[in-house]
Every structure is written in C-alpha cells, then in structure tokens.
Amino acid sequence: DQQVKQNSPSLSVQEGRISILNCDYTNSMFDYFLWYKKYPAEGPTFLISISSIKDKNEDGRFTVFLNKSAKHLSLHIVPSQPGDSAVYFCAASRDGGSNYKLTFGKGTLLTVNP
Amino acid sequence: GAVVSQHPSWVICKSGTSVKIECRSLDFQATTMFWYRQFPKQSLMLMATSNEGSKATYEQGVEKDKFLINHASLTLSTLTVTSAHPEDSSFYICSATGSTLETQYFGPGTRLLVL
C-alpha cells in the first residue's frame, strides 16, 4: 500500500518556467512533509520541508504548498534551471518528524530543457 | 555540514558471500541511522532504524538475520548482507540524523550486484 504517491513519473519543463511537482498521501497521521532531490548514483539531498500547521513554506526558488484537506502537497520551482534536472522525492513523517521515520514516494524525474 | 559517507560505492560479489557496507557521519554525531533499499524506478524503502549502542529495529518483511546492522559508535553504522543472492542486488542508502539536526542526511549509496 503506497502511502505516499507521486503519480507523475516524469516532468519536462523549459528553463525559466515554473516546475510543479505533485504528491499525495493517504495516511492522515502524517504531519511533516519533505522534498528531496536525487541525482543518479547519489543519495537524496534535503530540499525543503513543511509542517502540517502551515500551508506554505518558501526557500529561495523553492516553495512547498500543503493542502491538508486534500492530502496533497506540491513543490514549485521558479524559475527552473537546467541544474534542477533530477529525481524529486516526496516524503512524509509522523509526530512532527521527531521520530525521523520517513515514507517516500516513487519520485518524479524532472528535466529542465535549456 | 551534515555530511554522510558510504563505502564502498559499488560492489560485485558471488552468490553466497557476505558483503559489508559502512555508513559514516563525518561532521556530526549520528544518534540515529537508517538503512534504505531502492529498486529501479521504486521509492526508497526503509529497512531498519538503528540507535547508537542498541539493537536495530527492522521494518516488517526485512529479515534481521539476513541484513545485520551494527551501530557501535556515534559516527559509524554497518550493514552486512549475509549469504547474498541475486535478488539482493539493489541500491542501498544510509541516512543519519542527530539531536541538532532537523532531518535525515543521506549517504551517496552503495550499488550491490550479486552474481
């Protein structure tokens, strides 16, 4: 049972435009969400997180939006750059993330074309 | 800061042999380390959680006698795949966190191929 779903396996965007990566979850106990970026043959790199008490968190070009009622979150990257091309994983945790256990989605491959 | 290394980065072994993978936190004390496995085009699946000085907690379906985890110090955890078989071939990634960190930091992963 996939508790964290990333339904788009891939996304292609032009440089300078906005990239929107989506993630849905089914477990209502999740209250802390994270996005990771992963290059081939490397471990994931933490990008940005959001607590369920917020609906938006912004860090530079990256913004994460959380819609608790829909159990949906999205990562916006604007403007997109070729170096953003990677696999993006959505992850969710319980207990405010304090127990650190993460449940990951399958990832979305983002390709930013020059 | 918050750098995690893994060794080796890739390994090829014969079926039936055991393989040890090391995970080190280079600039912080890792009170908790995690081991994940990733199959192609799949998500990272948590295998086990280990706290320094205590036994690892394995996720459902993960054989503890097959995947031996040792977390003997605050900077080192090891995963030993015992009597490896071709179906154990995968990408193994560790992560670590500490009391001063807000999330897990991942190692670069180890690609295991069992022939």
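Note that this is a predicted model, so its numbers are computed, not measured. Sequence order as written defines residue numbering, which begins from 1 separately in each chain. Going through the entries in the order they are written, you letter the chains from A and number the ligands from 1. Under the rules for a predicted model, residues below a pLDDT of 70 receive no local features and side-chain atom pairs below 80 are neither given nor counted, while totals for whole chains, interfaces and linings still include all residues. Only hydrogens and water are set aside when side-chain values are computed; all heavy atoms of the structure are taken into account.

Novice: Describe in detail unusual backbone geometry, supporting the description with residues and values.
Specialist: Residues Val78(A) and Pro79(A) are joined by a peptide bond in cis, for which omega reads -5°. Secondary structure is summarised from DSSP: a helix means a run of H or I of at least four residues, a strand means a run of E of at least two, and numbering begins at the N terminus for each. Along the chain, Pro79(A) falls in the loop between β8 (72–77) and β9 (86–93). Omega for the peptide link from His7(B) to Pro8(B) comes to 0°, which places this bond in the cis form. Relative to the helices and strands, Pro8(B) resides in the loop between β1 (4–7) and β2 (10–13). Of note, the phi angle at Lys71(A) is positive, near 50°, even though the residue is not glycine. Here Lys71(A) shows up in the loop between β7 (62–67) and β8. Remark: exposure states derive from per-residue accessible area (1.4 Å probe, protein chains only) relative to the maximum for the residue type, with buried under 20%, exposed over 50%, and partly exposed in between. Assessed through its relative accessible area of 26%, Lys71(A) is described here as partly exposed.

Novice: Describe in detail the state of the cysteines, supporting the description with residues and values.
Specialist: All names here are of chain B. Criterion for a disulfide: a pair of cysteine sulfur atoms at a distance within 2.5 Å. On inspection of all chains with the given rule, the structure shows two disulfides over all chains. In this structure cysteine 13 is a free cysteine whose sulfur lies 18 Å from that of cysteine 94, the closest cysteine sulfur available. Overall, the relative accessible area of 10% leaves cysteine 13 in the buried class.

Novice: Summarise the pattern of salt bridges; cite the residues concerned and give the values.
Specialist: The term salt bridge refers to a pairing of a side-chain nitrogen on Lys or Arg with a carboxyl oxygen on Asp or Glu at a separation within 4 Å. In this structure the tally under the stated criterion is five salt bridges over all chains. Put simply, Lys56(A) and Glu58(A) hold a salt bridge, and the shortest N to O gap is 4.0 Å. A relative accessible area of 42% places Lys56(A) in the partly exposed class. In this structure, Asp88(B) engages Lys66(B) in a salt bridge whose closest nitrogen and oxygen atoms are separated by 2.7 Å. Of the two residues, Asp88(B) is situated in the loop between β8 (76–81) and β9 (90–97) and Lys66(B) in the loop between β6 (57–58) and β7 (67–73); the sequence distance between them amounts to 22 residues. Lys66(B) matches Asp88(B) in its accessibility class, with the two residues each being buried.

Novice: I'd like a description of the interface of chain B and chain A, backed by residues and values.
Specialist: The interface of chain B with chain A comprises 22 residues on the first partner and 19 residues on the second. When two components associate, each loses some accessible surface as probed by a 1.4 Å sphere; the sum of these losses over both components is called the buried area. Both sides together, the interface formed by chain B and chain A hides about 1,600 Å², and carbon and sulfur atoms give 58% of it. Considering only the surface of chain B that becomes buried against chain A, Leu44(B), Glu102(B) and Phe106(B) emerge as the three largest contributors, covering 27% of it. Linking chain B with chain A are one salt bridge, by the criterion used here. Of the charged contacts, one joins Glu59(B) and Lys101(A) as a salt bridge, the two residues approaching to 2.9 Å between their closest N and O atoms. The definition of a polar contact used here is a pair of N or O atoms within 3.5 Å, where within protein one atom must be able to donate a hydrogen and the other to accept one, and adjacent residues in sequence count solely through side-chain atom pairs. Applying the counting rule to chain B against chain A returns four residue pairs in polar contact (both at pLDDT 80 or more). Every residue pair with non-hydrogen atoms within 4.5 Å of one another is taken to be in contact.

Novice: Describe the packing of aromatic side chains, naming the residues involved and giving the relevant values.
Specialist: Only rings of Phe, Tyr and Trp enter the pairing, Trp through its six-membered ring, and a pair is recorded when the two centres are within 6.5 Å. The plane angle decides the type: under 30 degrees is stacked, over 60 is edge-to-face, the rest tilted. Across all of its chains, the model carries ten aromatic pairs over all chains by this definition. Ring plane angle 65° and centroid distance 5.9 Å describe the contact between Tyr36(A) and Phe46(A), whose orientation is recorded as edge-to-face. Here Tyr36(A) is found in strand β4 (residues 32–38), whereas its partner Phe46(A) is found in strand β5 (residues 45–51), with ten residues between them in sequence. Each ring, one from Tyr36(A) and one from Phe106(B), has its centre 5.2 Å from the other, and the planes form 85°; the classification is edge-to-face. Here Tyr36(A), found in strand β4, pairs with Phe106(B), found in strand β10 (residues 105–106), and the two come from separate chains.

Novice: Got a sec to walk through the nonpolar core? Specific residues and values, please.
Specialist: If you look at the biggest cluster of nonpolar residues, it comprises 27 residues, and the most contacted ones within it are Phe67(B) and Leu112(B). Contributing elements (two or more residues each) for this core: β2, β3 (19–25), β4 (32–38), β5 (44–51), β7, β8, β9 and β11 (110–114) of chain B. When sequence neighbours within four positions are dropped, the list of residues in contact with Leu112(B) reads Val11(B), Cys13(B), Val19(B), Val81(B), Asp88(B), Ser89(B), Ser90(B) and Tyr92(B). Here, nonpolar core means buried Ala, Val, Leu, Ile, Met, Phe, Trp, Tyr and Cys residues that are tied together by side-chain atoms lying within 4.5 Å of each other. Counting residues in each nonpolar core, the second largest holds 23 residues, with Val4(A), Cys23(A), Leu47(A) and Ala86(A) among its members.

That's the geometry; what it means functionally is another story.
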